[in-house]
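Reading the structure
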Amino acid sequence: MKNIIIAIDGPAGSGKSTSAKIVAEKLGYIYIDTGAMYRAVTLACIEAEIGINDNEVAKLVDGIRIDLVQSDLGQRTYLNGKDVSDDIRRPDVTKLVSPVSAMAYVREKMVIQQREMGLNGGVVMDGRDIGTVVFTNAELKIYLIASIEARAERRLLELKQKGFNYSLEEIIKQISDRDIYDSSREISPLKRADDAVVIDTSNISIQEQTQKIIDLAYQIIGVN
Ligand code: DC
């Protein structure tokens, strides 16, 4: 079977990681969550108590090691050899990740690592700039969108399951702030690649959204 690259981009809560995981499992591909890398850098900044400015963050990025490891529990994220998969989802990390991920040097380093991970294909990679920057030659590009309400409700549920209590209004505000930041930054802003297929996940089930992606992948791979 041909090992293609599937790039899935879209705003926070649009269903990227849920669909990417299922699609990867179905195709026997590796799922790579690139947001986890930017989150790991952000966690390292918080732990080192440094200022969020280009100089300090660049120095820090040069001295840390991020590994995405495939395990029975799915992708685990390691920072300097320590499993930080739960910590990178903390609200304080989420709050700071947009400014950290907007930094040119941070992106340069992460993109190099992402390209190495996808080099041989057979990957489903999700993020904000996978189809537009990391793998402009990806055989299949998907751009997921959903209404702000649908995305906020998903995030609220996820946070509740992790023991964090927020109101829907707070989450809507957090998501829209992050959308504005991620889409308006100078370097690699979140935007749809011209050749990406847009799927609106507001009113369709997870099964439907993943099936659409799998059908498109099969058309390219040539399997039914
Ligand atoms: O997908 P996520 O919410 O875990 O991503 C966290 C942040 O990382 C998001 O606000 C934008 C940034 N990000 C990015 O700039 N480029 C990527 N390829 C993935 C994530």
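Our subject is the structure listed above.
Since we're looking at a predicted model, the values are computed, not measured. (Residues numbered from 1 in each chain as written. Predicted model: local features only at pLDDT ≥ 70, side-chain atom pairs only at ≥ 80, totals over all residues. Heavy atoms only, no water.)

The subject of this paragraph is the nonpolar core. Judged by nonpolar contacts, the single largest core of 33 residues is most densely connected at V41, I66, V106 and M110. For this core, the secondary-structure elements that each account for two or more residues are strand 1 (5–9), helix 2 (35–48), helix 3 (54–62), strand 3 (66–71), helix 4 (91–101), helix 5 (104–118), strand 6 (123–127) and helix 6 (130–134). For this core, the leading source of residues is helix 2, giving eight residues. Among all residues touching V41, those that are not within four sequence positions of it are V57, L60, V61, I64, I66, V100, V106 and M110. (Core = buried A, V, L, I, M, F, W, Y, C linked by side-chain atoms within 4.5 Å. Buried < 20%, exposed > 50% of the residue type's maximum accessible area, 1.4 Å probe, protein only. Helix = DSSP H or I, 4+ residues; strand = E, 2+ residues; numbered from the N terminus. Contact = heavy atoms within 4.5 Å.)

Looking at the element boundaries, R185 is found in the loop between helix 8 (168–184) and strand 8 (197–200). At 2.7 Å, the side chain of R185 and the backbone oxygen of S188 are in polar contact. (Polar contact = N/O pair within 3.5 Å; in protein donor to acceptor, adjacent residues only side chain to side chain.)

Another aspect to go through is helix 5. For helix 5, which comprises 15 residues, the first-to-last C-alpha distance of 21 Å matches the rise-based estimate of 21 Å (1.5 Å per residue) to within 8%. The set of residues buried in helix 5 consists of V106, R107, M110, V111, Q114 and G118. Relative to the axis of helix 5, the buried residues are bounded by an arc of 120 degrees and lie together on one face. (Expected span 1.5 Å × (residues − 1). Arc of directions from axis to C-beta.)

Quick look at the packing of helix 4 against helix 8 now. One way to put it is that helix 4 packs onto helix 8 with a least axis distance of 9 Å and a crossing angle of 15 degrees. Classed by the angle they form, the pair helix 4 and helix 8 counts as roughly parallel. Both helix 4 and helix 8 take part in a crossing whose hand is left-handed. On helix 8, the residues that touch T94, V97, S98 and P99 of helix 4 are R178, Y181 and D182. For the contact of helix 4 with helix 8, the per-class residue count stands at three nonpolar, two polar and two charged. (Axes fitted to C-alpha atoms, helices over the stretch in contact; angles between N-to-C directions. Parallel < 35°, antiparallel > 145°, perpendicular 65-115°, else oblique. Left-handed = near helix turned anticlockwise from the far one by under 90°. Nonpolar A, V, L, I, M, F, W, Y, C, P; charged D, E, K, R; others polar.)

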